[in-house]
Amino acid sequence: MKALPKNCFLALLCLFGSKLYAQVASPPATVGPENAPAPVVVYGELLGYEEGDSITVKFQEHLFDETSKVPAPTVIKPEWEAGGVFKGVHPGIGKIFRLSTPTFQSPGYLSIRNGRTGYLDNYLVEPGDSIKVSINKLNFTLSFSGPAAEKFNLQRALDQQVATFFGNGSSKANLLVSQKLRPEQEETLKVTQASFGRQVKAILSFEQALGALKVDAKRLDGTMIRTITRSYSPVVPEQFLALVETEYLSRMRLPLVSTFYRHYFRVIKQSGNSPLAKEYEKFYADYLQPMEDLSAYVAGMEQSFSYLDLMAQLMKIKAKIMGETAPDLISDIPHGELREALLTRYFLEKRNLVIAGPETLGDLLPSIAQEPYRSILTELYYRHSSGEKLEPFTFQDLQGKPRRLEEFSNKVILMDFWFSGCKACINMNTDILQKLAERYAGQEDFVMLSISSDRKEELWKRSHHSGKYAPESSVHLNTGSEGGQHPFLKHYNIHLYPHLMLVGKNGQLIQSGMYKPTHESVAELIDRALDKQAKL
């Protein structure tokens, strides 16, 4: 008799829970033409809720680079709703949330986090998708249901396959800087190699690094990615399957290409056109160049941000080997949308824009016809072009007072952006900023602004007092609690540090970002700004 009330309760839970779910996650997010703009509808439940749990959902229709803030993602923090028997979630241990993304027209990316814990990381979604996400913290499971469930199950399976692939490989200790093992490192390595677990290889030379690259290249096989993807063909649209396959194959290939890129450029820098450089170039021809093959290109592949990342790095490698420029190579790609998407990805990387220069981007702008690429690149060009009026800013000083651009009118301004723990920022202060401070001491129409993006005020002030990051004579400022998300930094796409900006007396931008700056090269720009300001 005691089992009857329990069974009735479970029946009610299934009945009403399924009805609620049917209302939220079963119908498509919109009704209309197949390609009509529509949102993604997300219904979520969290079992094992604890005080402090906070869900953050990030959505981007156009994603070019995980580090770039352009275009800005939509970030949604839904309110929790209490669980209940009529909501399908036990009221004592569960919470629910629901939300809709903005409407969009092409495939986009959805991420879900709870504090530092990521549940979904850039999952591809299509307009009109509707999904129920069940997060169970009690038994560490994540499950999907609803009309778009198989799209999410596919990407979950591919996530696990990619993790397995990298987990089964050997771990590498990159010691190319020191090129030797300390005695304690040798002992630790011996113990690790003798134990059961992942093998660790110490890379002490660029020859060893190339050997490790060859081992990794031979392991690189996309068969399982293709097999898993094809197994979903009865339940997931073919065009979506092709895009997901492109995305995950690119994710597998990227670490190999990125590692080669770093090593090859250092080999060229240290030894020029040496026999070792030729060996690296042969590796590129054997293993990496086939990845550039566009004969298998199908429309829509450019919507994979990892594919764009992969191709951008391959174009930079190819340009170095051939003695050309990456923008020129990209401009020769015959597929219009891929070409424009790849140029956008290339120039959104701050280092690339600094190396190529805004004028290169300006020359290419007339050839960019499609959206959103044209709007993004046009705005990027004008933000970084010499002569453009600097965006107004407000930062706080050491006394907590707001400081604004207009306070420094009629002065040439050198702005230095840094953060605590940045070794390159410390080196720039030692090698460049301190010398500039001495050189222009007493120059009343010149000012240096030292701007920290540290979120924590105590950390910023401690770093300031150390004297390692900026000359004492600088005006010391901070972005406050917004940190790297400060509107000024987002406007100029500043996310790599250190970053220098030079502004003229009339408030016009002279240069944002400097490639391999030296004390002399920066001083030359400052001297020109001070002496020939009227001509700028």
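I will try to describe carefully the structure that is included in this document. (Residues numbered from 1 in each chain as written. Predicted model: local features only at pLDDT ≥ 70, side-chain atom pairs only at ≥ 80, totals over all residues. Heavy atoms only, no water.)

Secondary structure summary: the protein contains 17 helices and 18 strands in total. Put simply, the protein has 536 residues, and 47% of those count as buried. Counting contacts in the protein only where the partners sit at least 6 residues apart, residues at least 24 apart contribute 70% of the total. (Helix = DSSP H or I, 4+ residues; strand = E, 2+ residues; numbered from the N terminus. Buried < 20%, exposed > 50% of the residue type's maximum accessible area, 1.4 Å probe, protein only. Contact = heavy atoms within 4.5 Å.)

Moving on to the sheet that holds strand β8 (residues 130-136). Taken in spatial order, the five strands make up an open sheet running β4-β5-β1-β8-β9, and their pairing is mixed. If you trace the sheet from one side to the other, it starts and ends with β4 (81-82) and β9 (141-145), each paired once. As paired strands, strand β1 (residues 41-47) and β8 are joined by seven bridges and run parallel to one another. Its bridge partner being in β8, Val41 is matched across the sheet by Ser130. Contacts between helix α2 (residues 149-167) and the sheet are confined to β8 and β9, with β9 contributing the most and set at about 145° to the helix. (Pairing = 2+ DSSP bridges. Axes fitted to C-alpha atoms, helices over the stretch in contact; angles between N-to-C directions.)

This next bit is on unusual backbone geometry. For the bond from Glu371 to Pro372, the omega torsion is 10°, close enough to zero to count as cis. Structurally, the position occupied by Pro372 is in the loop between α12 (358-364) and α13 (373-384). Backbone torsion omega between Tyr497 and Pro498 reads -5°, so that peptide bond is classified as cis. By secondary structure assignment, the location of Pro498 is in the loop between α16 (487-491) and β17 (499-503). At Asn410, a residue that is not glycine, the phi angle is positive and equals roughly 65°. For Asn410, the location among the structural elements is in the loop between β13 (402-404) and β14 (412-418). Within the chain, Asn493 stands out as a residue other than glycine whose phi angle is a positive 55°.

Moving on: the side chain of Lys316. In this structure, Lys316 sits in helix α8 (residues 305-322). A distance of 3.5 Å separates the side chain of Lys316 from the side chain of Asn352, its partner in a polar contact. In this view, Lys316 contacts Tyr261, Phe265, Ala326, Tyr346, Glu349 and Asn352; residues no more than four positions away in its chain are not counted. (Polar contact = N/O pair within 3.5 Å; in protein donor to acceptor, adjacent residues only side chain to side chain.)

Let's shift gears to the pattern of salt bridges. Under the definition given, this model contains 22 salt bridges. The shortest N-O distance in the salt bridge between Asp129 and Lys151 comes to 2.8 Å. Taken together, the residues span a long stretch of sequence, with Asp129 in the loop between β7 (117-125) and β8 and Lys151 in helix α2 at a distance of 22 residues. Judged by its relative accessible area of 7%, Asp129 falls in the buried class. The class for Lys151 is buried, based on a relative accessible area of 10%. For Glu247, the salt bridge identified is with Arg251, shortest N-O distance 2.6 Å. Of this pair, Glu247 and Arg251 both sit in helix α6 (residues 238-271), four residues apart, which is roughly one turn of the helix. As far as burial versus exposure is concerned, Glu247 and Arg251 are alike and both buried. Salt bridges sharing common partners tie together Asp309, Lys316, Arg345 and Glu349. (Salt bridge = Lys/Arg side-chain N within 4 Å of Asp/Glu carboxyl O.)

What follows deals with the packing of α2 against α6. Taken N-terminus to C-terminus, the directions of α2 and α6 make an angle of 20°; their axes are 11 Å apart at the nearest point. One finds that α2 runs roughly parallel with respect to α6. In the crossing of α2 with α6, the sense of the turn from one axis to the other is right-handed. Residues Lys151, Leu154, Gln155, Leu158, Asp159, Val162, Phe165 and Phe166 of α2 form the contact with α6, whose own contacting residues are Phe240, Leu241, Val244, Tyr248, Arg251, Met252 and Pro255. (Parallel < 35°, antiparallel > 145°, perpendicular 65-115°, else oblique. Left-handed = near helix turned anticlockwise from the far one by under 90°.)

Another aspect to go through is the sheet that holds β14. One open sheet holds the seven strands; their spatial order is β13-β12-β16-β15-β14-β17-β18, and the pairing between them is mixed. This sheet does not close on itself; its edge strands, each paired only once, are β13 and β18 (509-512). Here the average twist between neighbouring strands, direction ignored, is 30°. Relative to strand β15 (residues 446-452), β14 runs parallel, the two sharing seven bridges. From the neighbouring strand, Ile413 faces β15, where its bridge partner is Val447. Lying over the sheet, helix α14 (residues 423-439) contacts β14, β15 and β17, oriented at roughly 160° with respect to β14.

A separate point is the packing of aromatic side chains. Counted according to the given criterion, the structure contains 24 aromatic pairs. Plain terms: the ring middles of Tyr381 and Tyr382 are 5.0 Å apart, the flat faces sit at 70° to each other, and that makes the pair edge-to-face. Note on Tyr381: relative accessible area 22%, which makes it partly exposed. On the numbers, 5.8 Å between centres and 80° between planes, the contact of Phe395 with Phe488 is edge-to-face. (Phe/Tyr/Trp six-rings, centres within 6.5 Å; stacked < 30°, edge-to-face > 60°.)

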